[in-house]
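# Descriptive analysis of the structure
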Amino acid sequence: MVEALSNFSPFQRTETLGVRVRDQLRHAIMAGLFKPGEKLTLRAVAGSLGVSLTPAREALFNLAAEGVLELGINGSIYIPRLDEEKIHELVKIRCSLESLAAREATPNFSRDDIITISAINDRLIESNREKNYTLLTELNWSFHFTIYEAARMPLLVKMIESCWLRTGSYIKSIYPGFSNTDDGILNHIAIIRAIREGNPQAVADAIAHDIEFSSQAFLNAVREEE
C-alpha cells in the first residue's frame, strides 16, 4: 500500500445534491418536459430545485459530459436538437446496444421477472387507452430498462440511457399520433413472447424491430420541427 494513503480516513458514501439534481434533470428530460434546443441556465436550475449554484453546475456539466446535454459557446448548456442524420445514427447505436442487452438478459429472467415485465406492459396499455401519455412514457422506459438491467451490465445500461435521453425532448411531439395504432403495443407483446420462450436472438430481434418502428415517429417529429 502506498504510504501516503495510509493516512487517509474512510468517508461515508452519501448521495450529493449534485447527484440528486442530475437525477431530477434526467427524469425531466426523459419525460419530455424540455423542448429541443432549450437553454438551461445554472440560476434557473438552482432556483427551481432550491439548491445553490454548485450542485446545479455539477449536475449540468456531468450530463453534458455524458452527452445527454450539449455544451455551447461560453459554457452554455442546451437540450440536444436532433436532425435526420442524428436520428439514423441513434437508431443504429440503439439497435446494437439494446439487442446486446436483450440477448444477455434473456437467460437471467426468472418467472417473477417475466410477471413484472408483463404487468408493466398491461399498465402501459391502460395508460394508452386513457391517453395518459406522461405515464405511458414512464412505463415504456420501465418496460425496456427492466429488460436491459437483467443483463447485469451496468455500463451498457448507462450507455443505452444516454441514447434514450437524447430523444427525450421529442417525446411530446410524437403523441398522440404514435399511439393511434396498436403497432407499438404489438411490438411489446412480441418481446414478451420471445422472453417467455427463452430465445435470446428472438428477444434481440423484437427489440430491434421496436426501435426501428419508433424511430419513424421521431423522424417525423424532427421533419416537422425543421
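The paragraphs below set out a description of the structure included in this document. Note that the structure is predicted; figures quoted are calculated from it, not measured.

What follows deals with the overall build of the protein. In terms of regular secondary structure, the protein is built from 10 helices and 3 strands. Secondary structure elements in the protein, listed N-terminal to C-terminal, are α-β-α-α-β-β-α-α-α-α-α-α-α. Dimensions of the protein, computed from the C-alpha atoms along their principal axes, are close to 55 × 50 × 30 Å. Scored against the burial criterion, the 226 residues of the protein give a buried share of 45%. Sequence separation of 24 or more characterises 74% of the internal contacts of the protein that already satisfy a separation of 6 or more.

A few words now on unusual backbone geometry. For Lys-131, which is not glycine, the phi torsion reads 60° and is therefore positive. Within the secondary structure, Lys-131 sits in the loop between helix H5 (111–129) and helix H6 (133–149). At Arg-152, a position not held by glycine, the phi torsion is positive, near 60°. Tracing the backbone shows Arg-152 in the loop between H6 and helix H7 (154–166). We classify Arg-152 as exposed; its relative accessible area is 61%.

The terminal C-alpha atoms of helix H4 (residues 84–105) lie 31 Å apart, and with 22 residues this matches the ideal 32 Å at 1.5 Å per residue to within 8%. Ile-87, Leu-90, Val-91, Arg-94, Cys-95, Leu-97, Glu-98, Ser-99, Ala-101, Ala-102 and Ala-105 are the residues of H4 that are buried. Taken together, the buried residues of H4 touch H6, H7 and helix H10 (200–225). Capping the start of H4, Asp-83 holds a side-chain oxygen 3.2 Å from the backbone nitrogen of Glu-85, two or three residues further along.

Reading guide: rules and limits
Residues numbered from 1 in each chain as written. Predicted model: local features only at pLDDT ≥ 70, side-chain atom pairs only at ≥ 80, totals over all residues. Heavy atoms only, no water. Helix = DSSP H or I, 4+ residues; strand = E, 2+ residues; numbered from the N terminus. Buried < 20%, exposed > 50% of the residue type's maximum accessible area, 1.4 Å probe, protein only. Contact = heavy atoms within 4.5 Å. Expected span 1.5 Å × (residues − 1). Polar contact = N/O pair within 3.5 Å; in protein donor to acceptor, adjacent residues only side chain to side chain.

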